[in-house]
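Observations on chain architecture
What follows is each chain in one-letter form.
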Amino acid sequence: MKTVQATRYVTPLREGGSLPAVVEADDDGLYVLKFRGAGQGPKALVAELVAGELARALELPMPELVLVELDSEFARTEPDPEIQDLIRASEGLNLGIDYLPGALNYDPAAMPVDAELASRIVWFDAFVSNVDRTARNPNLMVWHRKPWLIDHGAALYFHHDWDSAGTACERPFVLIRDHVLLPFATRIGEVDAAMAAALTDALIERIVAAIPDGWLQDETAFADGPAHRKAYVDYLKRRRDARAGFVQEAIRAHAAHV
Ligand SMILES: Nc1ncnc2c1ncn2[C@@H]1O[C@H](COP(=O)(O)OP(=O)(O)OP(=O)(O)O)[C@@H](O)[C@H]1O
Ligand SMILES: [Mg+2]
């Protein structure tokens, strides 16, 4: 992942609960910025980074992610005090998602997704326990007539309760029944082997290593940073290896749906 410096606050995205914003950066790119200092806390950024990078590695349609450096200067030209506070609380590294200009919110009635892609997305969301891909809140954008994944801040919810993470990795993801693409996902069993094979140990380790130190500091369950990172790595490897549970649950939920 590359690191860029934010140069201009362009506009808030009022729709988003965490007050994300479109910012311009010193590489001339526009990014949707997720602030480390937002109410959801830094774990939402950890989930965005880990799930988003996993999605990209699995070759799902996911915009590029970058780390965005914010300095105190950035707050000075911002008139809104709420946004000023958010910027001040977020100095240092934040998460940026490549802005998709002109993208529209996804509507399943207007655009069916092909069975293979829908099945791969359902598999992925069950793997990362993403509760935010429902018909009411699909967190899919349509851009150049293709669906794109956004908003993984609520994924990996095991990291809010590390005491039970050791057993949570083996649990099926029952909320997959509410997944917006489940009706199209007729090939979950067929895509399973390739999805799991793409999640190599080296990939998982590389992605967890990319989490900035400053996003891991609020958690008190671990003696140090390396132990904290190892817990993420262990969880993700064990969940991959124990995937039969969530895969069978997703296949069952699809069958119950049709
Ligand atoms: N990469 C992007 N390109 C274009 N628009 C985007 C992008 N990411 C997000 N948006 C727009 O911003 C809105 C809010 O983004 P997102 O869902 O990631 O934020 P959030 O604060 O986690 O939202 P919520 O918790 O309300 O679901 C999206 O619904 C979408 O309209
Ligand atoms: Mg959202």
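Keep in mind that this is a model prediction, so the values were computed, not measured.

**Focus on unusual backbone geometry**
- Unusually for a residue other than glycine, Ser-129 sits at a positive phi of about 45°.
- The topology assignment puts Ser-129 in the loop between helix H4 (115-127) and strand E7 (140-143).
- On the accessibility criterion, Ser-129 (4% relative accessible area) is buried.
- At Asp-151, a residue that is not glycine, the phi angle is positive and equals roughly 60°.
- In this fold, Asp-151 is placed in the loop between strand E8 (146-149) and helix H5 (165-168).
- Relative accessible area serves as the criterion here: at 22%, Asp-151 is assigned to the partly exposed category.

**Some details on the domain arrangement of the protein chain**
- Split by domain assignment, the protein chain resolves into domain 1 (3-98) and domain 2 (104-257).
- On the domain 2 side, the residues contacting the 28 residues of domain 1 number 33 residues.
- Buried area between domain 1 and domain 2, both sides added, is near 2700 Å², and the carbon and sulfur share of it is 76%.
- On the domain 1 side of the contact with domain 2, Lys-43, Leu-58 and Pro-61 bury the most area, a combined 25% of that side's loss.
- Inspection of the region where domain 1 meets domain 2 yields two salt bridges.
- Put simply, Lys-43 and Glu-219 hold a salt bridge, and the shortest N to O gap is 2.6 Å.
- On the surface where domain 1 and domain 2 come into contact, there are seven residue pairs in polar contact (both at pLDDT 80 or more).

**Comments concerning helix H8 (residues 225-241)**
- End to end, H8 covers 25 Å across 17 residues, agreeing with the expected 24 Å (1.5 Å per residue, within 8%).
- In this structure, the buried residues of H8 make contact with helix H1 (42-57), H4, H5, helix H6 (188-198), helix H7 (201-209) and helix H9 (244-257).
- The distance from a side-chain oxygen at the start of H8 to the backbone nitrogen of Ala-227 is 2.9 Å, and the residue carrying that oxygen is Asp-224.

**Focus on H4**
- Compared with the 18 Å implied by 1.5 Å per residue over 13 residues, the 18 Å span of H4 between its first and last C-alpha is a close match.
- The buried count for H4 comes to 11 of 13 residues, which makes it a mostly enclosed element.
- Within H4, burial applies to Leu-117, Ala-118, Ser-119, Arg-120, Ile-121, Val-122, Trp-123, Phe-124, Asp-125, Ala-126 and Phe-127.
- Residues of H4 that are buried sit in contact with H1, E8, H6, H8 and H9.

**Considering the pairing of strand E1 (residues 3-12)**
- With three bridges joining them, E1 and strand E4 (residues 65-70) adopt parallel strand pairing. Paired with Val-4 across the bridge in E4 is Val-68.
- With five bridges joining them, E1 and strand E2 (residues 21-25) adopt antiparallel strand pairing. Opposite Thr-11, over in E2, you have Val-22 as the bridge partner.

**Side note on the sheet that holds E8**
- With respect to topology, three strands assemble into an open sheet ordered E6-E7-E8, the strand pairing being antiparallel. Each edge of the sheet is formed by a strand with only one pairing partner; in this case those strands are strand E6 (104-105) and E8.
- Sheet topology note: the E7/E8 ladder contains four bridges and is antiparallel. Across the sheet, Leu-140 pairs through a bridge with Leu-149, a residue of E8.

**Side note on the layout of surface pockets**
- In this structure, the second largest pocket occupies an estimated 170 Å³ of space.
- Contributing to the lining of the second largest pocket are Ser-129, Tyr-157, Phe-158, Asp-161, Ser-164, Ala-168, Arg-171, Pro-172, Phe-173, Tyr-235 and Arg-239.
- Considering only residue class, the lining of the second largest pocket consists of six nonpolar, two polar and three charged.

The rules behind these values
- Residues numbered from 1 in each chain as written.
- Chains lettered and ligands numbered in written order.
- Predicted model: local features only at pLDDT ≥ 70, side-chain atom pairs only at ≥ 80, totals over all residues.
- Heavy atoms only, no water.
- Helix = DSSP H or I, 4+ residues; strand = E, 2+ residues; numbered from the N terminus.
- Buried < 20%, exposed > 50% of the residue type's maximum accessible area, 1.4 Å probe, protein only.
- Domains from an automatic or database assignment.
- Contact = heavy atoms within 4.5 Å.
- Buried area = accessible area lost by both parts, 1.4 Å probe.
- Salt bridge = Lys/Arg side-chain N within 4 Å of Asp/Glu carboxyl O.
- Polar contact = N/O pair within 3.5 Å; in protein donor to acceptor, adjacent residues only side chain to side chain.
- Expected span 1.5 Å × (residues − 1).
- Pairing = 2+ DSSP bridges.
- 1 Å grid on protein atoms, 1.4 Å probe; cavity = no way out; pocket = protein on both sides within 12 Å on 5 of 7 lines; lining within 4 Å.
- Points joined across faces, edges and corners; volume = space filled by probe spheres on them.
- Nonpolar A, V, L, I, M, F, W, Y, C, P; charged D, E, K, R; others polar.

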